[in-house]
Amino acid sequence: MSDTQSLRAWLLTETPTSRRHAKLSAIYHAWLSFRTNTMAMVGLAILVLLVLIAATAPLLAPADPFAQTLADRLQPIGTDGHLLGTDSLGRDLLSRLIYGSRITLYIVGLVALIAPITGLLVGTVAGYVGGLTDMVLMRITDIFLAFPRLVLALAFVAALGAGIENAVLAISLTAWPPYARMARAETLTIRSSDYISAIRLQGAGPLRIITKHIWPLCISSLIVRVTLDMAGIILAAAGLGFLGLGAQPPSPEWGAMISEGRRFILDHWWVATVPGLAIFTVSLAFNLLGDGLRDVLDPKDGEK
Amino acid sequence: MAMATETQKGRHLSPFFQQSIKLAKILLSIAATMLGLLFVTFFIGRVMPIDPVLSIVGERASKEVYDAAYIKLGLDKPLIVQFFKYVVDVVQGDFGQSLRTGFPVSDDIKRLFPATLELATLGTLIGVFVGVPLGVIAAVKRGSWIDQVARVVALIGYSMPVFWLGLIGLLIFYGNLGWVGGPGRLDIFYEDIIPPVTGMILIDSALAQDWGIFRNALSHIILPACLLGYYSLAYLSRMTRSFMLEQLSAEYVTTARVKGLSEWAVIWKHAFGNIQVQLITVIALSYAGLLEGSVLTEIIFAWPGIGSYITTSLLSADMNAVMGGTVVVGLVFVLLNIFSDLLYKVFDPRAK
């Protein structure tokens, strides 16, 4: 029996020997059912590829993304040395695209951390404490929900000044309310369950109950929601970049690249088309992955 | 005990009185949300690193002129007083003067809002008339190729950056094929011919029976409207599909089939009849989404609406215009949300 086979048997056991064993086994089972979803696997593959590209950008990029060669400006796709052509300043589009993946991942990663954590905090506290705290927190959440998201993000970026960090902050500020709503709803159902009463009787304080017994149960639906929201976050970030309110030139942010290419769209279509396809591919991958995760982690909403 | 007396009291109240209490509650929650919105816009306007006094008096104004303007704007008063004044002004429909256009912001919004409304309405119509049937068919023929196509169409809609699709649309249908009018609402030589009645050119030109202008306006609006319609369609078809699936698995559908009703009657009369309220709610939400989501579309198509007004004002640091525009969009958004909530309560007896 080889090592991988015994590992597999260990993971698939019906009788876990320890807590860690049970957890790993559950994860492995989820992975097995996730693996049968081809579309979700495609999404995952694209995203893994994206992370690899971003990590090894200096090795992969054929040229410096900021190096301008005005003699070679607006070269079409397939030119010698410029696989995807060049932009209006003669910069290699492929290299800019590769470096731009770093910015996209940076924005998405930060928002995916800030927004759900804020929402989780607000939602669980509101749901667990209840009363006046609940009312005030949920009223605030409703106000942010009532605001049109892009317009609010625009106004925030305008107030804080353009730039990647402020774009991240603005998008997070508009993205957290749905998480808060969700976490609150889950907390309300969990709060009244017997096992919470049991640990309360054992003397657990609210802090321990919220962090150790409520949060872990909110996580899976939160993860699904985050993955499905990622596409929206990427599109919002690209939209801000396109309007000149996100990453600033000469940064190779994909939205800003579309905006640069916009002026030449009629004669030199590839300058705006290439980064647009990149945005599309990545957000599509997140959507596919999110759909698949929902089926695995949240079977009640998923399609059988 | 206390609860029992409360319900007793509730029974003695006249239905009219109960209704008014309900209405008052709704109005109160609208007011609270609007106040919150105003607070957020006010806050944004305050933390803005641009000095509102300097943008009025200019860089080279003397100290006296600066101070006079500072006091005239009320900036020496405590923030809470300023906020109160702001709320009073907004309630009276006064958003201040736009620095960029030189008109009162409320006049600008009155002039530009119909353009946004026209675009979003047409987009929603396209979304409803294509998306809803697509969703129903996808649910009925679940797992078939048409269901797969609907799924892919929706996925692409969720993943495509709207400003990029708009650019590609312009490139292909305007630049290469010449099938549609370019950016803007009308060709330049058609502008300002018909008197604005509703501000929506399609309706105004139809009223004036000027079909040349109507055709021209249509050729300009069709591409951005289809673009917004596509996004609305992606969302509506998915929602319709999941609503329909829920109904089709219900027992009354089986009963209807057993009774020998035609498949058509089962689907459209029974199942579809039961999702109409949910559907209207979702359509209202998507309509609200289009009204605000048209910001990027309006910029791509140089469409003179609220979205492009807010963004161009932003870029020239015209905060009165930005705050006014944001408040109005927020108000419409809130009202549409409440409207859909109300519809639910009025037309769906299960929600009571």
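So, how was this worked out
- Residues numbered from 1 in each chain as written.
- Chains lettered and ligands numbered in written order.
- Predicted model: local features only at pLDDT ≥ 70, side-chain atom pairs only at ≥ 80, totals over all residues.
- Helix = DSSP H or I, 4+ residues; strand = E, 2+ residues; numbered from the N terminus.
- Buried ≥ 20, exposed ≤ 12 C-beta atoms within 10 Å, placed from the backbone.
- Contact = placed C-beta atoms within 7 Å.
- Axes fitted to C-alpha atoms, helices over the stretch in contact; angles between N-to-C directions.
- Parallel < 35°, antiparallel > 145°, perpendicular 65-115°, else oblique.
- Left-handed = near helix turned anticlockwise from the far one by under 90°.
- Nonpolar A, V, L, I, M, F, W, Y, C, P; charged D, E, K, R; others polar.
- pLDDT = per-residue confidence, 0-100.
- Core = buried A, V, L, I, M, F, W, Y, C linked by C-beta atoms within 7 Å.
- Expected span 1.5 Å × (residues − 1).
- Arc of directions from axis to C-beta.

## Notes on the overall build of chain A
- If you tally the helices and strands in chain A, you get 12 helices and 0 strands.
- Moving toward the C terminus, one meets the helices and strands of chain A in the order α-α-α-α-α-α-α-α-α-α-α-α.
- For chain A, the C-alpha atoms occupy an extent of roughly 75 × 60 × 30 Å along the three principal directions.
- Of all 304 residues assigned to chain A, the portion counted as buried reaches 42%.

## Topic: the overall build of chain B
- Across its full length, chain B holds 14 helices and 0 strands.
- Counted from the first residue to the last, chain B has its helices and strands arranged as α-α-α-α-α-α-α-α-α-α-α-α-α-α.
- Referenced to the eigenvectors of the C-alpha coordinate spread, the extents of chain B come out at roughly 85 × 75 × 40 Å.
- A burial count over chain B gives 38% of its 352 residues as buried.
- Long-range pairs, those at least 24 residues apart, make up 72% of the contacts in chain B between residues at least 6 apart in sequence.

## Examining the packing of helix α3 (residues 38-55) of chain A against helix α5 (residues 93-129) of chain A
All names here are of chain A.
- Viewed as axis vectors pointing N to C, α3 and α5 meet at an angle of 110 degrees, and their least axial separation amounts to 8 Å. Considering the angle they form, α3 stands roughly perpendicular to α5. In this structure, the crossing between α3 and α5 has a hand that is left-handed. In this structure, α3 contributes Leu 50, Val 51, Ile 53 and Ala 54 to the contact, and α5 contributes Ile 98, Ser 101, Arg 102 and Leu 105.
- Tallied by class, residues from the contact of α3 with α5 come to 6 nonpolar, 1 polar and 1 charged.

## Focus: the confidence of the model for chain B
Residue and element names in this part refer to chain B.
- Per-residue confidence for chain B averages 82 on the pLDDT scale, and 92% of its residues sit at or above 70.
- Taken as a whole, residues 1-10 scores under 50 in pLDDT and shows 0 contacts with residues more than four places along the chain or in a different chain.
- Under the prediction, the complex receives an ipTM of 0.80, its pTM being 0.83.

## Brief notes about the nonpolar core
- Within the largest apolar cluster, 162 residues are counted, with the highest numbers of intra-cluster contacts made by Ala153(A), Leu154(A), Ile171(A) and Ile234(A).
- Apart from residues no more than four positions distant in its own chain, Ile234(A) is found in contact with Thr104(A), Val108(A), Ile279(A), Val282(A) and Ser283(A).

## Topic: unusual backbone geometry
- Residues Pro249(A) and Pro250(A) are joined by a peptide bond in cis, for which omega reads 10 degrees.
- In this structure, Pro250(A) sits in the loop between α10 (206-242) and α11 (254-262).
- Of note, Gln209(B) is a non-glycine position whose phi angle comes to about 55 degrees, a positive value.
- Mapped onto the elements, Gln209(B) comes out in the loop between α9 (201-207) and α10 (211-248).
- Taking the C-beta count within 10 Å as the criterion, Gln209(B) has 9 such neighbours and is therefore assigned exposed.
- If you check the backbone angles, Ala302(B) has positive phi at about 45 degrees while not being a glycine.

## Side note on the environment of Val136(A)
- Structurally, Val136(A) is set in helix α6 (residues 131-146).
- With 116 residues separating them in the primary sequence, Val136(A) and Pro252(A) have C-alpha atoms 42 Å apart.

## Regarding the interface of chain A and chain B
- Facing the 33 residues of chain A at the interface are 34 residues of chain B.
- Mapped onto the side of chain A that touches chain B, the elements with two or more residues apiece are α6, α7 (149-160), α10, α11 and α12 (270-297) of chain A.
- Per-element tally for the side of chain A that touches chain B: the top contributor is α12(A), with 8 residues.

## Topic: α3(A)
Residue and element names in this part refer to chain A.
- If you check α3, its first and last C-alpha atoms are 26 Å apart, about what 18 residues at 1.5 Å a residue would give, namely 26 Å.
- By the burial criterion, the buried members of α3 are Ala 40, Gly 43 and Leu 50. The buried residues of α3 all sit within an arc of 80 degrees when viewed along its axis, so they share a single face. Of the exposed residues in α3, the ones pointing more than 90 degrees away from its buried face are Thr 38, Val 48 and Leu 52.
- For α3, the secondary structure elements touched by its buried residues are α2 (19-35), α5 and α12.

## What to know about the packing of helix α8 (residues 162-176) of chain B against α10(B)
Residue and element names in this part refer to chain B.
- Running from N to C, α8 and α10 point in directions that differ by 140 degrees, and their axes come no closer than 10 Å. Judged by the angle between their axes, α8 and α10 are oblique. For the pair α8 and α10, the sense of crossing is right-handed. Of α10, the residues touching α8 (which contributes Val 162, Leu 165, Gly 166, Gly 169 and Phe 173) are Leu 223, Pro 224, Leu 227 and Tyr 231.
- In the contact of α8 with α10, the residues fall into 7 nonpolar, 2 polar and no charged.

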